[in-house]
Amino acid sequence: MMTLRRRHFLLGGAVAALPPGAFLAASALDGGQRRAEALDASFSRRYDNPLRLPGQGGWFAPVKASEVRALAAAPMPHRLRGHRDTPLWVYRAEVRGRVVLNPILTARAGDTVDLRFDNLLPQPSVIHWHGLANDERSDGGGAFLAAPGGGHPVRWTVRNAAGLNWYHPHPHGHAGEQLWRGLAGLFLVEDDASDRLARELDVRFGLTDVPLVIQDRTLNRAGEMPYHDAGVERMLKSADNATRMAFEALCSGAPGTPLFHGAYGEDILVNFTRFPVLALPRRWARLRILNGSNARLYRLALLQRGRALEFSLLGVDGNLLPAPQAATEVFLAPAQRVDLAVDLRQAELGDLWLKTLAFDPMHDDGLQLPQTLLRPAVAAASMPAHDHGPRGEGAEEPILRIDVRPADGPAGRLPQRIGPAMPPAVDGAPQRSFRLGHDAQRRWSIDGRVFAGHGQTSFTVPAGAGPAREIWEVDNPASGMPHPMHLHGFDFQVLSRQGSPAQCGPLRVDAQGRLATDLGRADTVLVWPGEKVRFLVDFSTAPAGIQRYMFHCHNLEHADAGMMLAFAVDAGPPD
Ligand code: C2O
Ligand code: CU
Ligand code: CU
């Protein structure tokens, strides 16, 4: 017997031969740079489809959330590639006589969302308002579903400060598939602080302030978008029996949950655009990025001729940072957002690339497989055992070509203060810990338990008196997968990371092991295999009474397989 460690234990190949730290240095090497330039030139021709900007053809049109009377989840064929329509599912609304699809909903604190949700899908559904503070019914966590053909009223008042949030389906067991098929929209909260920021940067929404929704999907020539793990699928298709057995053992989950690692596609789309290009003038620009993928992580950087441009993080998840934070790269896990500004005067005219850099995806599920089965299987497949397709997670890939153009007029400037100050740290807050893993039937779990339904809460947070803050600690065993853990209804502050993998080392910004993306108030935190992450959750905003919320992995196939729990927050009776 052998234990499967990382995929580069199994096979040779360029990536496999390098120690983890070498990934980070690779783009600085001279030969590497020449190779990068040649590669970029060939990509340049292919990345030629104008990025879909907010509002084109009604797609991602910005509309005031308070003006939407009805929002339907509905099938809607649309051309994403070639000559055939893809049978998407999307959110559709009619606002002031105009049909909008997956609209960008905009709001300010105090605005009311008051609409009817219509479910025109063949599955139950519900809208979850990811990152937005709500009571349990309005949160849309899945306890209250609309049946196929049914619907229900949605009514809640926006309480958040400025930030980039989003909405997507949350029916347990179907959330992953519904997101994959196209259901997701942004929800932008603005306030005085964000108005000031946009004024100083002198950016215009949709032109120099551009939302980017990054999603991997497989689009085949028939126009289909199969809900699958592209790499595993490819492997199984070409495999002989022994290979098939090995990969089935490696990559499928419990019966009924076949996507053990998650759903991965072969193409990386931005705003539903394949091979996108965006023209930006040589001045300050703002990119508001959502990883709207089901399972894929990205290591994002802006590169010109192999050189990484410095950018300024303005916000993470649904909140602005107190001050901009300089960075050259960030890991972005499913559901996470980064709001960033970049001074394109650092760049030359011409191609600049938003890329995902190479990293170790750490898909190590601790399986025990006999050598005799594994060796021929791996040899037969002649590709990395755990690579998810030709454009596997962790491979360096272009995402968006930015065509840097000359600018006229002012360049804008970056203010030194942006969002509200971080709340002071508390001593002696009660602590709760969670251990991630999977059971013998290969169902992902939290504390050894698989989600048992919305009726069963795992614990109750007392939030009626005192500071109502808790320290949560999430422990991910070394043999596992990275899990982006998401909390509904409340923000938190990362306090520390321990046992982080080597590839996070150079991104560390303090002695607590935190990364630049840990410096704001977040709702989703990536926990790598071997890591222990502690964060401070603020429950003081809890609405009165006992409300139930979800805590889960936002690799939605993991959540659908059971890596989710419900808990209650008891803020006491209303006064
Ligand atoms: Cu964005 Cu419970 O999810
Ligand atoms: Cu959420
Ligand atoms: Cu997970």
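Up top is the structure these notes are about.
Residues numbered from 1 in each chain as written. Chains lettered and ligands numbered in written order. Predicted model: local features only at pLDDT ≥ 70, side-chain atom pairs only at ≥ 80, totals over all residues. Heavy atoms only, no water.

Visitor: Before we go on, may I ask you to explain the pattern of salt bridges in this structure?
Guide: Close approach of charged atoms allows side chains with opposite charge to pair. If you walk through the whole model with that rule in mind, you get 35 salt bridges. In this structure, the salt-bridge partner of Glu136 is Arg548, at a minimum N-O distance of 3.1 Å. Note that Glu136 is positioned in helix α4 (residues 136-139) and Arg548 in strand β35 (residues 546-553), a separation of 412 residues in sequence. On the accessibility criterion, Glu136 (18% relative accessible area) is buried. (Salt bridge = Lys/Arg side-chain N within 4 Å of Asp/Glu carboxyl O. Helix = DSSP H or I, 4+ residues; strand = E, 2+ residues; numbered from the N terminus. Buried < 20%, exposed > 50% of the residue type's maximum accessible area, 1.4 Å probe, protein only.)

Visitor: Could you clarify how one ought to interpret the side chain of Arg497 in this entry?
Guide: Residue position: Arg497 is located in strand β31 (residues 492-498). Assessed through its relative accessible area of 8%, Arg497 is described here as buried. At a separation of 3.0 Å, a polar atom in the side chain of Arg497 contacts the side chain of Glu531. (Polar contact = N/O pair within 3.5 Å; in protein donor to acceptor, adjacent residues only side chain to side chain.)

Visitor: Please clarify how the coordination of the copper ion (ligand 3) should be interpreted in this entry.
Guide: Coordination of the copper ion (ligand 3) by the protein involves His483 (ND1), Cys553 (SG) and His558 (ND1), with metal-donor separations of 2.0 to 2.1 Å. We note that the donor set of the copper ion (ligand 3) lies within a single chain, spaced as H-x69-C-x4-H. Taken together, the positions of His483 in strand β30 (residues 483-487) and His558 in helix α10 (residues 556-561) put the pair 75 residues apart, joining distant regions of the chain. A single burial state applies to His483 and to His558, both of which are buried. (Donors = N, O, S within 2.8 Å, 3.2 Å for Na, K, Ca; no water.)

Visitor: In this structure, what is going on with the coordination of the copper ion (ligand 2)? I would like to understand it.
Guide: Reference values for coordination geometry: four tetrahedral donors around a metal ideally subtend 109.5 degrees, six octahedral donors ideally subtend 90 or 180 degrees. Looking at the copper ion (ligand 2), one finds its protein donor set to be His128 (NE2) and His486 (NE2), positioned 1.8 Å from the metal centre. In this pair, His128 sits in strand β9 (residues 127-130) while His486 sits in strand β30, placing the two residues 358 residues apart along the sequence.

Visitor: Just to check I follow, could you spell out the packing of aromatic side chains for this structure?
Guide: Any two aromatic rings considered together are summarised by their centre-to-centre distance and by the angle between their planes. Within this structure, the stated rule accounts for 31 aromatic pairs. Measuring from ring centre to ring centre gives 5.0 Å for Phe331 and Trp528, while their planes differ by 75 degrees; the resulting arrangement is edge-to-face. Of this pair, Phe331 sits in strand β21 (residues 329-332) while Trp528 sits in the loop between β33 (524-527) and β34 (532-538), placing them 197 residues apart in sequence. Across the pair, Trp528 and Phe331 agree in class, each one buried. Note on Phe434 and Phe551: the rings are 5.1 Å apart at their centroids and 55 degrees apart in plane angle, and the pair reads as tilted. Here Phe434, found in strand β26 (residues 431-438), pairs with Phe551, found in strand β35; they are 117 residues apart in sequence, far enough to count as distant. Here Phe434 and Phe551 have matching classes, each one buried. An aromatic cluster is defined as three or more aromatic residues linked by ring pairs; in this entry it consists of Phe434, Phe459, Trp472, Phe490, Phe492, Phe535, Phe539, Tyr549, Phe551 and Phe567. Sitting over the face of the ring of Trp59, Arg52 holds its NZ or CZ atom 5.3 Å from the ring centroid. (Phe/Tyr/Trp six-rings, centres within 6.5 Å; stacked < 30°, edge-to-face > 60°. Lys NZ or Arg CZ within 6 Å of the ring centre and 35° of its normal.)

Visitor: I'm lost on the environment of Phe275 in this one. Help?
Guide: In this structure, Phe275 sits in the loop between β14 (267-270) and β15 (276-281). For the pair Phe275 and Arg401, spaced 126 residues apart in the sequence, the C-alpha separation amounts to 8.0 Å. Residue contacts for Phe275: discarding those within four places in its chain leaves Arg46, Tyr47, Asp48 and Asn49. (Contact = heavy atoms within 4.5 Å.)

Visitor: Whenever I open this one, the sheet that holds strand β22 (residues 337-343) confuses me. Can you help?
Guide: Hydrogen bonds between backbone groups are what pair the strands of a sheet, and the pairing can be parallel or antiparallel. Read across the open sheet, the six strands follow the order β14-β13-β16-β22-β19-β20; overall the sheet is mixed. Every interior strand has two partners, whereas the edge strands, β14 and β20 (319-327), have only one. This sheet shows a mean twist of 25 degrees between the axes of neighbouring strands, independent of strand direction. Of the strand pairs in this sheet, strand β19 (residues 311-316) and β20 are connected by five bridges, and their pairing is antiparallel. (Pairing = 2+ DSSP bridges. Axes fitted to C-alpha atoms, helices over the stretch in contact; angles between N-to-C directions.)

Visitor: Help me out: how do you make sense of the sheet that holds strand β4 (residues 70-81) in this one?
Guide: One open sheet accounts for five strands, arranged β6-β5-β4-β8-β10; its pairing is mixed. What marks the edges here is a single partner per strand, and that holds for β6 (98-101) and β10 (151-157). Averaged over neighbouring strand pairs, the angle between their axes works out to 45 degrees when direction is ignored.

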